[in-house]
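Now for the letters of each chain:
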Amino acid sequence: MSPEQLRQYLEFYRDLGIGPLYRQPAPQGAEEPATAELPGLAPAGDTLPAILQDIGDCKRCRLHEGRHKIVFGDGSERARLVFVGEGPGADEDAQGLPFVGRAGQLLTQMIEGTAKKEGIPLQRSDVYICNVVKCRPPENRAPEPDEMEICGQFLFRQLAAIRPKAICALGATAAKALLARKEGVTRMRGNWFKWNDIPVMVTYHPSYLLRAYNQNAKREAWEDLKKTLHYVYD
Ligand code: URA
């Protein structure tokens, strides 16, 4: 960890009200160096309301500058399946809810349509939906690595608090945040990976599917979702 990363990490925990983070300096003559002792990423007994409260009126990264609303997540704390997107768009920023714009409508249709077709009684409200970053990146650009790292801590706490049976990573940003692998979505999609022992299915982001030339990708995304729903709900 670089000194700059360590500084950001410590600042992040200080902002959360957790501290002090340093061990007492080792007594003179002792072998052990005085190292930073960082708390576990998910405090014991963590809950979604506690995480939301810790986020507060967040100004930990530059994305707060242009946001209207923090988009924390939506759905059941007891969800067995969590969908992770990239970050809010204009509609989400205005409403404070994830996946409510065009891509969101497609995601809802995909979840409910596939479930119905497969005989699985499931509504969007039964799953949990959130993003890697909670504030809209300007002009819908992809989140920067430092923004993903800072906000990703809250995503990890959300996932640890819910502990779903599976996670579905929508697109490259979610896959990168959860799995830190080099392959692109095209290579990874349709396969199971793991985040902290929880199976992660990677698939295309709904915004990508909205582009007309992606009929094949659409079919593949439906396959991925079918596989995920059967794994979680059968
Ligand atoms: N795209 C995302 O990645 N997330 C949203 O909430 C909406 C669009």
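Please refer to the structure higher up on the page.
Every value quoted in this text rests on a predicted model; they were computed, and no experiment measured them.

K.L.:
Looking at this structure, I do not really get empty space enclosed by the protein. What am I missing?
P.N.:
A probe as big as a water molecule, rolled over the atoms, marks out the empty space that is left. Within the structure shown, the criterion is met by three cavities of 30 Å³ or more. Of the voids in this model, the largest cavity is the one considered here, and its volume is about 110 Å³. Cys58, Cys61, Arg67, Cys135 and Cys151 are the residues nearest the centre of the largest cavity, which is lined by 14 residues in total. Grouping the amino acids of the lining of the largest cavity by side-chain chemistry returns nine nonpolar, one polar and four charged.

K.L.:
Help me understand the packing of aromatic side chains, please; the structure alone is not making it clear to me.
P.N.:
Both the distance between ring centres and the angle between the ring planes are used here to describe each pair of aromatic rings. One pass over the full model with this rule turns up three aromatic pairs. Relative to Trp195, the ring of Phe156 has its centre 5.6 Å away and its plane inclined at 35°; by these criteria the two rings are tilted. Taken together, the positions of Phe156 in helix H5 (residues 145–162) and Trp195 in strand E5 (residues 192–195) put the pair 39 residues apart, joining distant regions of the chain. Classification of Phe156 by relative accessible area gives buried; the value is 17%.

K.L.:
Would you mind going over the site of the ligand with me for this structure?
P.N.:
Neighbouring residues of the ligand: Gly85, Glu86, Gly87, Glu92, Pro98, Phe99, Asn131 and His205. Contact between the ligand and Glu86: an oxygen atom at 2.8 Å from a main-chain N or O atom of the residue. Out of a free accessible area of 230 Å², the ligand has 92% covered by protein chains. In this structure, the ligand is accommodated by the largest pocket. The residue inventory of the shell around the ligand, partitioned by class, reads two nonpolar, four polar and two charged.

K.L.:
Could you clarify how one ought to interpret the packing of H5 against helix H6 (residues 171–179) in this entry?
P.N.:
The packing of two helices is summarised by the inter-axis angle and the distance between the axes. In contact at an axis separation of 11 Å, H5 and H6 are set at 75° when each is read in the N-to-C sense. On the basis of their axis angle, the class for H5 and H6 is roughly perpendicular. Contacts between H5 and H6 involve Met148, Leu155, Phe156 and Leu159 on the former and, on the latter, Thr173, Lys176, Ala177 and Leu178.

K.L.:
How do you make sense of the layout of surface pockets when you look at a structure like this?
P.N.:
Computed from the structure, the largest pocket encloses a volume of approximately 540 Å³. As for the largest pocket, its lining consists of 27 residues, of which Glu86, Gly87, Ala103, His205 and Ser207 are closest to the centre. Put simply, the parts of the chain that give the lining of the largest pocket at least two residues each are helix H3 (90–95), helix H4 (102–117), H6 and helix H8 (206–209). Each residue belonging to the lining of the largest pocket can be placed in one class, and the counts come to 11 nonpolar, 10 polar and six charged. As for the second largest pocket, its lining consists of Pro143, Pro145, Met148, Glu149, Gly152, Gln153, Phe156, Lys176, Ala177 and Ala180. Mapped onto the lining of the second largest pocket, the elements with two or more residues apiece are H5 and H6. Taken together, the residues of the lining of the second largest pocket break down into six nonpolar, two polar and two charged.

Quick notes on the rules
- Residues numbered from 1 in each chain as written.
- Predicted model: local features only at pLDDT ≥ 70, side-chain atom pairs only at ≥ 80, totals over all residues.
- Heavy atoms only, no water.
- 1 Å grid on protein atoms, 1.4 Å probe; cavity = no way out; pocket = protein on both sides within 12 Å on 5 of 7 lines; lining within 4 Å.
- Points joined across faces, edges and corners; volume = space filled by probe spheres on them.
- Nonpolar A, V, L, I, M, F, W, Y, C, P; charged D, E, K, R; others polar.
- Phe/Tyr/Trp six-rings, centres within 6.5 Å; stacked < 30°, edge-to-face > 60°.
- Helix = DSSP H or I, 4+ residues; strand = E, 2+ residues; numbered from the N terminus.
- Buried < 20%, exposed > 50% of the residue type's maximum accessible area, 1.4 Å probe, protein only.
- Near = heavy atom within 4 Å.
- Polar contact = N/O pair within 3.5 Å; in protein donor to acceptor, adjacent residues only side chain to side chain.
- Areas by Shrake-Rupley, 256 points an atom, 1.4 Å probe, with all protein chains shown as cover.
- Sits in = over half its atoms within 2 Å of the grid points.
- Axes fitted to C-alpha atoms, helices over the stretch in contact; angles between N-to-C directions.
- Parallel < 35°, antiparallel > 145°, perpendicular 65-115°, else oblique.
- Contact = heavy atoms within 4.5 Å.

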